[in-house]
Amino acid sequence: MSLWSDFKSSPIDTMSRWQDQRFLWILMVVAMGGLVILAHSFFQNYLYMLPCEQCVYIRFSMIVMALGGIIAAINPKNIVLKIIGYVFGLYGAIIGIGYSVKLHAIHEAVHGDDPFGVQGCSTDPSFPFGLPLAQWAPDWFKPTGDCGYDSPVVPDGAQLDAIQTFFTNFYADGWYLIPSAKFLDMAQCTLMAYVVATALLVAMLGSWIITSIKNKAA
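Residues numbered from 1 in each chain as written. Predicted model: local features only at pLDDT ≥ 70, side-chain atom pairs only at ≥ 80, totals over all residues. Heavy atoms only, no water.

(A) Examining the side chain of R59 more closely. Note that R59 resides in helix α4 (residues 53–74). Within the buried set, R59 has no salt-bridge partner at all; the shortest N-O distance to an opposite charge, 7.0 Å, is to D139. At 2.8 Å, the side chain of R59 and the backbone oxygen of W140 are in polar contact. With residues near it in sequence (within four places) discarded, R59 still touches V36, A39, H40, Q44, P51, D139, W140 and F141. (Helix = DSSP H or I, 4+ residues; strand = E, 2+ residues; numbered from the N terminus. Buried < 20%, exposed > 50% of the residue type's maximum accessible area, 1.4 Å probe, protein only. Lys, Arg positive; Asp, Glu negative; His and termini not counted. Salt bridge = Lys/Arg side-chain N within 4 Å of Asp/Glu carboxyl O. Polar contact = N/O pair within 3.5 Å; in protein donor to acceptor, adjacent residues only side chain to side chain. Contact = heavy atoms within 4.5 Å.)

What follows is the structure in C-alpha cells.
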C-alpha cells in the first residue's frame, strides 16, 4: 500500500528508486527468459509447434532483454551495469516489436485472400551482428516451420499422452490467446509484451535521468 501511495504522490522519484533495485530487472529476466523456455520446451518440443524464422528472431530478442536484466541486476546502482541493462533491454524490445509486426503481417497474408506480403520466412536465419545462433544452438534457433502457420505438426507414429492430445487439439487451428475465437495470435501477444516492456524501460530510464538532473542541481 505504501508503494502505491509513494507512486501516486511522487511517481518520478518512486520509479527512480525502483530502477535502483533488483526486483524490476529480475522480473524482466524471469518474464523474457520464461517465455523463451516455454516456447522451446512446451510448444516446440512437447506440442510439436515448429518455430519459423521470425519466431527464432523473437527468441533472440527476448534473450537479449533477459541478458540485460541479468547484467543490471548484478548491481542496479552501478551506473555502467545499469546503462548496459537499459541498452540491452531497449534494443531487444525494439527489434522484437519489428519481428512481431512482420510475423503478424505474414500471418494475416497466409490466412487471408491476398497472398502478397508473404515474405521474410527462411530456414537460413540471419541474426544481428552475424551471430551463428542456428549453428551454436539449432534446437533453439534453427527455423523448422513456416511463418504464419503455428499449428502442431505431430510426427507420424508419435504417441501422444492425454495432455499432449488436449493441447494439440486445442491449437489445431493455430496459436491464439483464445483459440476458439481466434483472438490475438502469437505475434500480437508478443507485440503487446514488447510494447509494455518498452514503456516500462523508458519510464524507468526517464525517471532516473530526471532525478539525477534534479539532484545535481540541488
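(B) How the structure looks around the packing of aromatic side chains. By the definition in use, this model includes 18 aromatic pairs. Ring geometry for F167 versus Y171: centroids 6.3 Å apart, planes at 15 degrees, classification stacked. Among the aromatic side chains, those forming a connected cluster through ring pairs are F42, F43, Y46, F166, F167, F170, Y171 and W175. (Phe/Tyr/Trp six-rings, centres within 6.5 Å; stacked < 30°, edge-to-face > 60°.)

(C) Main features of a nonpolar patch on the surface. Together, I79, I83 and V87 line one region of the surface with nonpolar side chains, adding up to about 260 Å² of accessible area. Positionally, I83 belongs in helix α5 (residues 79–110). We classify I83 as partly exposed; its relative accessible area is 40%. (Patch = residues over 30% accessible without salt bridge, like charges linked within 9 Å, V, L, I, M, F, W, Y side chains within 5 Å. Areas by Shrake-Rupley, 256 points an atom, 1.4 Å probe, with all protein chains shown as cover.)

The values are spatial; any link to function lies outside them.
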